[in-house]
Amino acid sequence: MPPAPPEPSAPSAEPGASTPTHRWGFGAFLLVFAVFVLSAVVIAAFMGLASPQQEDPIAVVLVGTMVPPLLATGVALLITKLRGNGPVLDLKLSYNRDDLRIGLKFGCAGLVLTTVAAAIWSRLVGDGDATSAIGALVDGQAMPVSAAIALFLYVWLIGPLCEEIMYRGLLWGSLERLQWGKWAVFGLTTVIFAVSHLEPMRTSLLLVIGIPIGLARLYSGRLGASVVAHQVNNFLPALSVMLISMGVWDA
């Protein structure tokens, strides 16, 4: 790990005077998170997820997993349009060669770190408590290949993009607007990222997972790098979810 973060090379990474200010703040993140939580609760109640005795059909797994983050992300992007300058400027959302390079570097380092941390965590708490919420949903749930692939692509590519827009995009930008220091922003967004998954048994593990992803955002100054790092980190969990949902691998 480098001893100190280098200065971002792209002008857009600096939150200084060259970047137009936006009119949204921490309240925007709270609104987006409320949309995420409330939509998940409504879907769970409406489709029967709240009943522990009822086996979850395939549609419930897919809708309950994908729709709340997508809705919340849509609201976040809309806020940057209505109250700011759009996601490219406000959220530092970019995909360029540097983003890919930095994201791959931190993503691969994070993949090794989190794989080791997950193995240790699983031995400490047991396999049952170490399983993610999505893993628990698909465990013992036979899915057709098309649904399993759709879930794999979501967990690997789309879910990380949604989470990064929410946490290291909207939340990060709101804290910068409050003139927090970059390390304080990194620390708080990492903690909120872990806690907001609402998986108390896995919060400590999620903190470890969030560190390299947040460092990609910190060192690059852009959201694209943390999106790539998050996607790299999610590849193996996404693959395991697909294999479990297809009945190829027993969790």
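The structure under discussion appears in the preceding block.
Since this is a predicted model, take the numbers as computed values, not measurements. Position numbers for residues count from 1 along each chain, tracking the sequence in the order it is written. Reporting in this predicted model follows two pLDDT cut-offs: at least 70 for local features of residues, and 80 or more for side-chain atom pairs to be given and counted; totals over whole chains, interfaces and linings ignore these cut-offs and use all residues. Excluded from the side-chain calculation are hydrogens and water; included are all heavy atoms of the structure.

**Quick word on the nonpolar core**
Soluble globular proteins tend to pack their nonpolar side chains together in the buried interior. For our purposes a nonpolar core is just a set of buried Ala, Val, Leu, Ile, Met, Phe, Trp, Tyr and Cys residues, chained together by side-chain atoms within 4.5 Å. To sort residues, take the accessible area from a 1.4 Å probe on protein chains only and compare it with the maximum for the residue type: under 20% means buried, over 50% means exposed, and anything in between is partly exposed. Counting residues in hydrophobic clusters, the biggest one holds 31 residues, and the most contacted among them are Val32, Phe106, Tyr167 and Leu170. Leucine 170 has contacts with Trp24, Ala28, Phe29, Val32, Ala76, Thr80, Leu91 and Ile165, leaving out every residue within four places of it along the chain. Formed by 13 residues, the second largest nonpolar core is a distinct cluster that contains Val61, Ala148, Leu151 and Tyr154. Here a residue-residue contact requires only that any non-hydrogen atoms of the pair lie within 4.5 Å.

**Describing the side chain of histidine 230**
When you line up the elements, histidine 230 lands in helix 10 (residues 223–245). Owing to a relative accessible area of 2%, histidine 230 belongs among the buried residues under this scheme. With sequence-adjacent residues up to four places away left out, histidine 230 is seen in contact with Pro160, Glu163, Glu164, Arg168, Phe193 and Ile213. The way it works is that DSSP assigns letters per residue, a run of H or I at least four long becomes a helix, a run of E at least two long becomes a strand, and they are numbered from the N terminus.

**Observations concerning unusual backbone geometry**
Located in the positive-phi region is glutamine 179, a residue other than glycine, with phi close to 65°. Mapped onto the secondary structure, glutamine 179 falls in the loop between helix 7 (145–177) and helix 8 (182–195). On the accessibility criterion, glutamine 179 (73% relative accessible area) is exposed. The residue leucine 198 is not glycine, and still its phi comes out positive at about 60°. Along the chain, leucine 198 falls in the loop between helix 8 and helix 9 (203–220).

**Re helix 9**
In this analysis, the expected span of each helix is defined as 1.5 Å times one less than the number of residues it contains. Its 18 residues give helix 9 an end-to-end C-alpha distance of 26 Å, which sits within 8% of 26 Å, the value for a rise of 1.5 Å per residue. We define the bend at any residue as the angle between the axes fitted to the seven residues before and including it, ending there, and the seven starting there. A bend of about 30° at glycine 210 is the largest found in helix 9, and the proline proline 212 appears one to four places after it. Taken across its 18 residues, helix 9 has 14 buried, putting it largely inside the fold. Positive phi appears at glycine 221, one or two residues downstream of helix 9, with a value of about 80°.

**Quick look at the pattern of salt bridges**
When a carboxyl oxygen of Asp or Glu is within 4 Å of a side-chain nitrogen of Lys or Arg, the pair counts as a salt bridge. The final tally for this structure, using the stated rule, is three salt bridges. Its salt-bridge partner being arginine 101, residue aspartate 98 comes within 3.4 Å of it at the nearest N-O pair. Here arginine 101 and aspartate 98 lie together in helix 4 (residues 97–125), a separation of three residues that amounts to about one turn. When its relative accessible area of 28% is taken as the criterion, aspartate 98 is described as partly exposed. Taking the relative accessible area as the measure of exposure, arginine 101 reaches 48% and is therefore partly exposed. Between aspartate 99 and arginine 222 there is a salt bridge, and its shortest N-O distance comes to 2.6 Å. Linking aspartate 99 in helix 4 with arginine 222 in the loop between helix 9 and helix 10, this pair joins segments that are 123 residues apart in sequence.

Purely spatial values, then, with no claim about function.
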